[in-house]
2 protein chains.
Amino acid sequence: MSGSPLLAELIDALRCLPGVGGKSAQRMAFHLLERERERGLKLASVMEQAMQRIGHCSQCRNFSEDPLCSLCSSSSRERQVLCVVESPTDLAAIEQATGYRGQYFVLMGRLSPLDGLGPEELGLAQLSQRLGEGEIEELIIATNPTVEGEATAHYLAQLARAGGVRPTRLAHGVPLGGELEYVDRSTLAHAFGSRQLLD
Amino acid sequence: MSGSPLLAELIDALRCLPGVGGKSAQRMAFHLLERERERGLKLASVMEQAMQRIGHCSQCRNFSEDPLCSLCSSSSRERQVLCVVESPTDLAAIEQATGYRGQYFVLMGRLSPLDGLGPEELGLAQLSQRLGEGEIEELIIATNPTVEGEATAHYLAQLARAGGVRPTRLAHGVPLGGELEYVDRSTLAHAFGSRQLLD
Ligand SMILES: [Zn+2]
Ligand SMILES: [Zn+2]
């Protein structure tokens, strides 16, 4: 009971954010009301736009408000190298940590039959077709070094070879069982630079 | 560089929330887009409403979207006891931890000359007038046990006596130098229950 039903509603709604419980939702609401109304209004407006307009890029499957994302439509990115990641978070980690200037493909998951995630759900027919078009020379497989990520990597390497494309995998350095998202930048940059040809 | 300018804008805007840095803002944005679009839209709409419509109650100064907040306008709250707190967070903590059923007055700060916070900024003329109207019999002073909170308590006790009102202070139990907001519920409930008459 705060005296304001609308405030109670705001505190409750903030709990949809990951890692935000009742106490921090309350702190966030009070902070916005006391000190950051303008930025709160801006956040509300951007959030509404983002929820309504952001879909997926038709080429790389990453989040995008346009049919073709800004990475895919950029003329300054190399077109002979394609890096496959599980999620937009992993893509962001590689962009921030490495000097990679090629293309991406975002699986939005990993092969996981128990969760109903097969080649179709991950867009692998689309990837396979692209690999067969002849422009791509190297497929950098940057799935996570987990059991499912490794199985996905194995599958992707086969797709690459079938399309006449050289598959590579990030070098050892990424801890086994870890998630790319939590690897420190220098380790990730090193692993990315020493990626190995899969044989 | 995420491939989506709108997504980058959302991640940046989320950083206006307290305790949210670049990495957690990114995690929040991806979480909403991947799994919680409906709740994200709802949050955006509630946040916009709250930033635009929530002001302060004309009687207790707490946050309220109406001229009189729901606590002040409730007919089931006692009218002879008034509890003064520094912030809406402290009010919420007392409501959640104790069985208090009286009125509140929210200073929205504490006496702090160096920060330009004097009796006028805290609405003390308004409080003084209310104390002089004869309805209130006890003023529970629940400012924080910090140096400035104690100085404010001293000032409030004088106001109460001048209005013929009995001033009380929360019992020992609240750790010195601590903030009400972080005290555990049972300690706060105990301290509230054993409040002492100031002499
Ligand atoms: Zn794209
Ligand atoms: Zn009120």
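Please read these numbers as outputs of a predicted model, since none were measured by experiment.

What counts as what
Residues numbered from 1 in each chain as written. Chains lettered and ligands numbered in written order. Predicted model: local features only at pLDDT ≥ 70, side-chain atom pairs only at ≥ 80, totals over all residues. Heavy atoms only, no water. Helix = DSSP H or I, 4+ residues; strand = E, 2+ residues; numbered from the N terminus. Contact = heavy atoms within 4.5 Å. UniProt positions renumbered as here; feature names shortened; annotations may be inferred. Donors = N, O, S within 2.8 Å, 3.2 Å for Na, K, Ca; no water. Tetrahedral: all angles 85-135°; square planar, octahedral: opposite > 155°, others 65-115°. Buried < 20%, exposed > 50% of the residue type's maximum accessible area, 1.4 Å probe, protein only. Salt bridge = Lys/Arg side-chain N within 4 Å of Asp/Glu carboxyl O. Least-squares fit on C-alpha atoms with pLDDT ≥ 70 in both. pLDDT = per-residue confidence, 0-100. Buried area = accessible area lost by both parts, 1.4 Å probe. Polar contact = N/O pair within 3.5 Å; in protein donor to acceptor, adjacent residues only side chain to side chain. Pairing = 2+ DSSP bridges. Axes fitted to C-alpha atoms, helices over the stretch in contact; angles between N-to-C directions.

A.B. asks: Explain the overall build of chain A to me, please; I cannot follow it from the model alone.
C.D. replies: Regarding its fold elements, chain A presents seven helices and seven strands. Listing the helices and strands of chain A from first to last along the sequence gives α-α-α-β-β-β-α-β-α-β-α-β-α-β. Reported as C-alpha extents along the three principal axes, the dimensions of chain A are approximately 65 × 35 × 35 Å. Partitioning the contacts of chain A with sequence separation of at least 6, the portion at a separation of at least 24 is 56%.

A.B. asks: Which parts of the structure should I look at to understand the UniProt feature "zinc finger region: C4-type" (unreviewed entry) in chain A?
C.D. replies: The UniProt feature table records "zinc finger region: C4-type" (unreviewed entry) at residues 57–72 of chain A. Between the C-alpha atoms that bound residues 57–72 of chain A the distance is 8 Å, and the span itself is 0% helix and 12% strand.

A.B. asks: How should I be thinking about the coordination of the zinc ion (ligand 2) in this particular structure?
C.D. replies: Tetrahedral metal sites with four donors have an ideal angle of 109.5 degrees; octahedral sites with six donors have ideal angles of 90 or 180 degrees. Residues and elements named next belong to chain B. Every protein donor of the zinc ion (ligand 2) is listed here as C57 (SG), C60 (SG), C69 (SG) and C72 (SG), and their distances to the metal cover 2.3 to 2.4 Å. Every donor counted, the four donor atoms about the zinc ion (ligand 2) form angles of 106 to 117° at the centre, which fits tetrahedral coordination. Ordering the donors of the zinc ion (ligand 2) by residue number gives the pattern C-x2-C-x8-C-x2-C. No difference in accessibility class separates C57 from C60, as the two residues are buried.

A.B. asks: What is the right way to look at the pattern of salt bridges in this model?
C.D. replies: A side chain with one charge can pair with a side chain of the opposite charge if their charged atoms come near. All names here are of chain B. Scanning all chains against the criterion turns up 16 salt bridges over all chains. Linking E95 and R77 is a salt bridge whose minimum nitrogen-to-oxygen distance equals 2.8 Å. With E95 in helix 4 (residues 88–97) and R77 in the loop between strand 2 (63–64) and strand 3 (81–85), the pair connects residues that are 18 residues apart, well separated along the chain. Taking relative accessible area as the criterion, E95 reaches 15% and is therefore assigned buried. We classify R77 as buried; its relative accessible area is 5%. Across the pair R79 and E135 runs a salt bridge, and its minimum N-O distance is 3.8 Å. Here E135 lies in the loop between helix 5 (124–131) and strand 5 (138–141) and R79 lies in the loop between strand 2 and strand 3, a separation of 56 residues in the sequence.

A.B. asks: In this structure, what is going on with the coordination of the zinc ion (ligand 1)? I would like to understand it.
C.D. replies: Residues and elements named next belong to chain A. Protein-derived ligands of the zinc ion (ligand 1) are C57 (SG), C60 (SG), C69 (SG) and C72 (SG), with the metal-ligand distances lying across 2.3 to 2.4 Å. Around the zinc ion (ligand 1) sit four donor atoms, and with donor-metal-donor angles ranging over 106 to 117° the site reads as tetrahedral. The sequence pattern formed by the donor residues of the zinc ion (ligand 1) is C-x2-C-x8-C-x2-C. On the accessibility criterion, C57 (2% relative accessible area) is buried. Given the relative accessible area of 2%, C60 is considered buried.

A.B. asks: Sorry, what's going on with the environment of A:P119 here?
C.D. replies: Residue and element names in this part refer to chain A. Position of P119 among the secondary structure elements: in the loop between strand 4 (103–106) and helix 5 (124–131). Linking P119 and G19, residues 100 residues apart in sequence, is a C-alpha distance of 31 Å. Those residues within four positions of P119 in sequence are excluded, and the remaining contacts are L111, L124 and Y155.

A.B. asks: Mind showing me how you'd approach the relation of the copies chain B and chain A here?
C.D. replies: Here two copies of a chain appear, and what relates them is a rotation about an axis with a shift along it. Mapping chain B onto chain A calls for a screw motion: a turn of 180° about the axis and a shift of 0.0 Å along it, with 0.1 Å RMSD after fitting. On this basis, the relationship between the two copies can be described by a two-fold rotation axis. Considering only C-alpha atoms, the residue of chain B closest to the rotation axis is B:A44, which sits at 2.1 Å. Mapped onto chain A, 100% of the interface residues of chain B are again interface residues, and the two copies thus contact each other with one and the same surface.

A.B. asks: How should I be thinking about the confidence of the model for chain A in this particular structure?
C.D. replies: A low pLDDT means the predicted coordinates there should not be read in detail. All names here are of chain A. Across chain A, pLDDT averages 91, with 96% of residues at or above 70. Within chain A, helix 3 (residues 37–53) carries the highest mean pLDDT (97), whereas strand 7 (residues 196–197) carries the lowest (72). Across the assembled chains, the prediction reports ipTM 0.81 with pTM 0.80.

A.B. asks: Where do I start with the interface of chain B and chain A in this structure?
C.D. replies: Think of interface size as the accessible area that goes away when the parts come together; that is how it is often given. Chain B puts 58 residues into the contact, and the matching count from chain A is 58 residues. Roughly 5,600 Å² is buried in total at the junction of chain B and chain A, and carbon and sulfur atoms are behind 69% of that figure. Where chain B packs against chain A, one counts four salt bridges. Ionic pairing is found between B:E9 and A:K42, a salt bridge with its closest N-O pair at 3.2 Å. For the pair chain B and chain A, the interface holds 16 residue pairs in polar contact (both at pLDDT 80 or more).

A.B. asks: How should the sheet that holds strand 7 of chain A be read in this particular structure?
C.D. replies: Paired through their backbone hydrogen bonds, the strands of a sheet run either parallel or antiparallel. Residues and elements named next belong to chain A. Strand order across the open sheet formed by five strands is 4-3-5-6-7, with mixed pairing between neighbours. The sheet is open, and its two edges are formed by strand 4 and strand 7, each paired on a single side. Both strand 3 (residues 81–85) and strand 4 contribute to a ladder of four bridges, which runs parallel. The partner of L82 across the bridge, within strand 4, is Q103. Its contacts with the sheet place helix 4 (residues 88–97) against strand 3 and strand 4, and it is angled at close to 155° to strand 4.

A.B. asks: How do you make sense of unusual backbone geometry when you look at a structure like this?
C.D. replies: As a rule of thumb, non-glycine residues mostly have phi less than zero, and peptide bonds are mostly trans rather than cis. Although it is not a glycine, A:M108 sits at a positive phi angle of roughly 55°. Looking at the secondary structure, you find A:M108 in the loop between strand 4 and helix 5.

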